[in-house]
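# Reading the structure
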Amino acid sequence: MKKASLLLIVTALNLGAQTRTTVERYVGEHQQEILGELVSLLSIPNVASDKPNIRRNAQLLSEMLRRRGFASEILETDVNPLVYGELRVPGASRTILWYAHYDGQPFDARLWKQESAFKPILRDGRMEEGAREIPNFASLKTYPSGARVYARSASDDKAPIVALLAAIDALRASGLQPKSNIRLILDGEEEAGSRGLISSLTRYKDKYRADVMLVLDGPLHSSGRPTIVFGGRGIATLELTVFGPKFALHSGHYGNWVPNPAMDLIHLLGSMKDDNGRVLVEGFYDDVPPLSPEEKRTLASVPDNPQELMQFFGISRTDKVGGSLQEALQYPSLNVRGLRSAYVGSEVRTVIPESATASIDIRLVKETDPDRMVRRVLDQQRTRRRDASQVSTYRDGEQRFRRCELFRNKSLPDGDESSGCPRNHEYNAAHMEPGARAHPHHGRHSADGPICRNVRISHHLDPGGELRQQPAQRKRKPPVGKSLEGDRNVRRSPGQSLTGRHACSRFSLPQPRSAQSSTPALLNSRPRRRGRCRPSCKTISR
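### Section: the overall build of the protein chain
Counting its secondary structure elements, the protein chain contains 12 helices and 19 strands. Among the 542 residues that make up the protein chain, the fraction classed as buried is 42%. Taking the contacts inside the protein chain whose residues are at least 6 apart along the sequence as the reference set, 69% of them involve residues at least 24 apart. In the structure as shown, the protein chain presents an accessible area of about 30,500 Å², 50% of it carried by carbon and sulfur atoms.

As structure tokens, this is what we get:
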């Protein structure tokens, strides 16, 4: 448990000069007890979509608050529950509202160098610096200086919760008490959008009344000193998808001729920033006034050590948006937080991928409107992309579908049913923009024809972090062929000749030897893809 965190919390609870000595003595005498409570909390899985375990977290936290004399309850929301606690102090004239969250981000278990992300281990230092695991650490009463707990949400954001409760314990053990009333709200889906918290503001507004709000969710300063940050940057998110061929193609057969969507996406992203990290999107910084000389002096007084940070992070240069780290944080940022296209590593294939997607976040400062900032980015990429029919964008993190952008294949007349994109399918129409239409197979396959290209549906996460339920797809027996007369579906038995009919190549059945002389093999056959295949029909005659 970091002493700096405890010192900051105790300072906020009780402004006496003896707090530092009090906390250091208490922590030294109760290391095993404090760490044991943290380990118990870390051992419960806490991904926001895991509803049963999120409930277990909430129940344990409520019990931890009650043991400290808090009036505690679980506040139900439409999604994950909030944990609320209140501690009234006789004679207190102000109220502090503390915020933290107990959920954690989803993770890849293969990347964890321990048995489980929810089975905490203790190392004698930083893992990236070669620190060794300390076996049977739960039985120890004291721990090496610099020892670290490794588990999901160990720092973000369960440790600050335990630190707050340990600070209250430290005050009481010394015969002290907070000078302010304490209210505490613990969020169960901060990593998934905090929709429950937002919807609770009107429902539980009396519980949020306070003189000041302190958020226990941020990094420890590199100097190790207690730090208060007056504000935090917000966030707006979106995704860009560049479409290529209808399906992945062999690079040896079509490289240099079929455009690669991953390369197109790279060029698109590269156009958004210069070599110094400044965003080139028109108007991106226009809403932010220049820093005043006084503001620059205040930011310069923060004891950052850039060279030490660069060495620790393993970087050789920094972006030049501001004159320092603190100045850079005063401006909005544009960050590519994830890229996806085809395969890498052991799964690599020699293909031109069918699409490439970038997930982007825009960090906001108080002067920036999120919708306006997103619109600036979208306007910029629309003017630079090579083919407007091949790029789709959508905002994520919404509670319901807000956007369905259709980009039709320019080689086909608008609304041409032969394009394989039927116009009369409905999909969550109440949540679409006026005039928008979507396809039930979400841009992959049409039950009524060829692939429906250039359709992008915004798959937004619901409040629990799960994809919304998609419309059920009707199970059909795919047609073997279509009659030229009346366009009736027909079935074909082995050896049957289909004079004057279209035979779908995907169902190219073996020809009996007796029929090979009179019935040629079906043309343009391709193997079945993903449980479906696209009609690719040729006329067969005797």
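### Examining the environment of Leu 216
Position of Leu 216 relative to the elements: it lies in the loop between strand E7 (212-215) and strand E8 (234-243). Taking the C-alpha atoms as reference points, Leu 216 and Asp 157, 59 residues apart in sequence, are found 7.7 Å from one another.

### Details of the nonpolar core
Counting 42 residues, the largest nonpolar core has Leu 61, Tyr 102 and Leu 186 as the members making the most contacts within it. Going through the elements one at a time, helix H2 (19-29), helix H3 (31-42), helix H4 (51-67), strand E2 (82-87), strand E3 (95-101), helix H5 (154-173) and strand E6 (181-187) are the ones with two or more residues in this core. Broken down by element, the residue count for this core peaks at 9 residues, all from H5. Those residues within four positions of Leu 186 in sequence are excluded, and the remaining contacts are Leu 61, Pro 81, Leu 82, Val 83, Ala 100, Tyr 102 and Ile 161.

### So, the environment of Leu 265
Note on placement: Leu 265 falls in helix H8 (residues 261-270). Along the primary structure Leu 265 and Val 242 are separated by 23 residues, whereas in three dimensions their C-alpha atoms are 6.2 Å apart. Leu 265 has contacts with Leu 240, Val 242, Leu 339, Ala 356, Thr 357 and Ala 358, leaving out every residue within four places of it along the chain.

### Concerning the sheet that holds E2
Reading across the sheet, the 5 strands line up as E1-E2-E6-E3-E7 and stay open at both edges, with mixed pairing between neighbours. Each edge of the sheet is formed by a strand with only one pairing partner; in this case those strands are strand E1 (71-75) and E7. Along the sheet, successive strands turn relative to each other by an average axial angle of 20°, direction set aside. Each of E1, E2 and E6 is contacted by H4, which is oriented at about 165° to E1, the strand it contacts most. Running at roughly 145° to E3, H5 makes contact with E2, E3 and E6 of the sheet.

### Looking at the packing of H3 against H4
Packing of H3 against H4 brings their axes to within 10 Å, and their N-to-C directions diverge by 155°. On the basis of the axis angle, H3 is roughly antiparallel to H4. Each of Glu 37, Ser 40 and Leu 41 in H3 lies in contact with H4, whose residues at this interface are Asn 57, Leu 60, Leu 61, Met 64 and Arg 67.

### A closer look at the pattern of salt bridges
Oppositely charged side chains may form a pair once their charged atoms are brought near each other. Per the counting criterion, the structure on display carries 14 salt bridges. In this structure, Asp 169 engages Arg 68 in a salt bridge whose closest nitrogen and oxygen atoms are separated by 2.9 Å. Here Asp 169 is found in helix H5, whereas its partner Arg 68 is found in the loop between H4 and E1, with 101 residues between them in sequence. Taken as a pair, Asp 169 and Arg 68 share a single burial class, namely buried. A salt bridge links Arg 132 to Asp 124; the nearest nitrogen and oxygen atoms lie 3.8 Å apart. Since its relative accessible area comes to 62%, Arg 132 is described here as exposed. Using a relative accessible area of 30% as the deciding quantity, one classes Asp 124 as partly exposed. Among the ionic contacts, a cluster of salt bridges with common partners joins Glu 37, Arg 67, Arg 68 and Asp 169.

### Here's the deal with the side chain of Asp 157
Summarising the element assignment, Asp 157 is placed in helix H5. No salt bridge is formed by the buried Asp 157; the nearest opposite charge belongs to Lys 158, separated by 11 Å. For Asp 157, the side chain forms a polar contact with the main-chain nitrogen of His 101, separated by 3.1 Å. Excluding residues within four positions of it along the chain, Asp 157 makes contact with Ala 100, His 101, Leu 216 and Asp 217.

### Focus on the pairing of E3
Of all 7 residues that make up E3, 7 are buried, and the element is covered over most of its length. The side-chain alternation of E3 yields two buried faces, one formed by Thr 95, Leu 97, Tyr 99 and His 101 and the other by Ile 96, Trp 98 and Ala 100. Bridge count between E3 and E6: 7 bridges; the pairing is parallel. Among the inter-strand pairings, His 101 is bridged to a residue of E6, identified as Asp 187. Pairing geometry for E3 and E7, over 4 bridges, is parallel.

### Comments concerning the confidence of the model for the protein chain
Put simply, the protein chain has an average pLDDT of 75, and 68% of its residues get 70 or more. Overall, residues 396-542 carries pLDDT values under 50, and its contacts beyond four positions in sequence, including any with other chains, amount to 256 contacts.

### Looking at the packing of H3 against H5
Taken N-terminus to C-terminus, the directions of H3 and H5 make an angle of 140°; their axes are 10 Å apart at the nearest point. Classed by the angle they form, the pair H3 and H5 counts as oblique. Note that H3 runs across H5; the crossing there is right-handed. Between H3 and H5, the contacting residues are Ile 34, Glu 37, Leu 38, Leu 41 and Leu 42 on the first element and Ala 154, Lys 158, Ala 159, Val 162 and Ala 166 on the second. Looking at the contact of H3 with H5 residue by residue, the class counts come to 8 nonpolar, no polar and 2 charged.

Calculation notes
Residues numbered from 1 in each chain as written. Predicted model: local features only at pLDDT ≥ 70, side-chain atom pairs only at ≥ 80, totals over all residues. Heavy atoms only, no water. Helix = DSSP H or I, 4+ residues; strand = E, 2+ residues; numbered from the N terminus. Buried < 20%, exposed > 50% of the residue type's maximum accessible area, 1.4 Å probe, protein only. Contact = heavy atoms within 4.5 Å. Areas by Shrake-Rupley, 256 points an atom, 1.4 Å probe, with all protein chains shown as cover. Core = buried A, V, L, I, M, F, W, Y, C linked by side-chain atoms within 4.5 Å. Pairing = 2+ DSSP bridges. Axes fitted to C-alpha atoms, helices over the stretch in contact; angles between N-to-C directions. Parallel < 35°, antiparallel > 145°, perpendicular 65-115°, else oblique. Salt bridge = Lys/Arg side-chain N within 4 Å of Asp/Glu carboxyl O. Lys, Arg positive; Asp, Glu negative; His and termini not counted. Polar contact = N/O pair within 3.5 Å; in protein donor to acceptor, adjacent residues only side chain to side chain. pLDDT = per-residue confidence, 0-100. Left-handed = near helix turned anticlockwise from the far one by under 90°. Nonpolar A, V, L, I, M, F, W, Y, C, P; charged D, E, K, R; others polar.

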